[in-house]
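Coordinate inspection notes
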Amino acid sequence: MDTRDDFPLWEAELHPPAEEPGRGQGILAVAIVLPFAFAALVLVGQAPLAIAAFAISVLILVLWYAGM
């Protein structure tokens, strides 16, 4: 095997494909809707459930933003 055979592979590592457009729109929509859902839970008297949902949602959003 010659070193010239590996050149396209090296180029692919140096220049990864561009990200898909619109990736942040889903995160933005979820981040806008969730506070209203938590407020609704508090208004109906389910504050502990709202706090638990908030903590889990923040964890999910952070992992989603990180790409995991």
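In this text, all values refer to a predicted model and were calculated from it rather than measured experimentally.

Concerning the overall build of the protein chain
Across its full length, the protein chain holds 3 helices and 0 strands. Helices (α) and strands (β) of the protein chain occur, in sequence order from the N terminus, as α-α-α. The buried share of the protein chain, reckoned over its 68 residues, is 9%. Surface accessibility of the protein chain: about 5,900 Å² in total, with carbon and sulfur atoms responsible for 72%.

Details of the side chain of S57
If you trace the backbone, S57 turns up in helix α3 (residues 47-66). A relative accessible area of 14% places S57 in the buried class. What S57 contacts, discounting residues up to four positions off in sequence, is L34 and F38.

Considerations on the packing of aromatic side chains
Under the definition given, this model contains 1 aromatic pair. Considering the side-chain rings of F38 and F54, the 5.5 Å spacing of their centres and the 85° angle between planes classify their relative orientation as edge-to-face. On the criterion of sequence distance, the pair formed by F38 in helix α2 (residues 23-43) and F54 in helix α3 is long-range, its members being 16 residues apart.

Things to note about a nonpolar patch on the surface
Together, L28, I32, V33 and F36 line one region of the surface with nonpolar side chains, adding up to about 440 Å² of accessible area. Inspection of the secondary structure assignment puts L28 in helix α2.

Notes on the environment of A31
Within the fold, A31 resides in helix α2. A relative accessible area of 37% places A31 in the partly exposed class.

Describing the environment of I27
Tracing the sequence through the fold places I27 in helix α2. I27 sits in the buried class, given a relative accessible area of 13%. C-alpha of I27 to C-alpha of V62: the two residues are 35 residues apart in sequence and 9.7 Å apart in space. In this structure I27 touches L61, W64 and Y65, once residues within four positions along its chain are discounted.

About the criteria used
- Residues numbered from 1 in each chain as written.
- Predicted model: local features only at pLDDT ≥ 70, side-chain atom pairs only at ≥ 80, totals over all residues.
- Heavy atoms only, no water.
- Helix = DSSP H or I, 4+ residues; strand = E, 2+ residues; numbered from the N terminus.
- Buried < 20%, exposed > 50% of the residue type's maximum accessible area, 1.4 Å probe, protein only.
- Areas by Shrake-Rupley, 256 points an atom, 1.4 Å probe, with all protein chains shown as cover.
- Contact = heavy atoms within 4.5 Å.
- Phe/Tyr/Trp six-rings, centres within 6.5 Å; stacked < 30°, edge-to-face > 60°.
- Patch = residues over 30% accessible without salt bridge, like charges linked within 9 Å, V, L, I, M, F, W, Y side chains within 5 Å.
- Salt bridge = Lys/Arg side-chain N within 4 Å of Asp/Glu carboxyl O.

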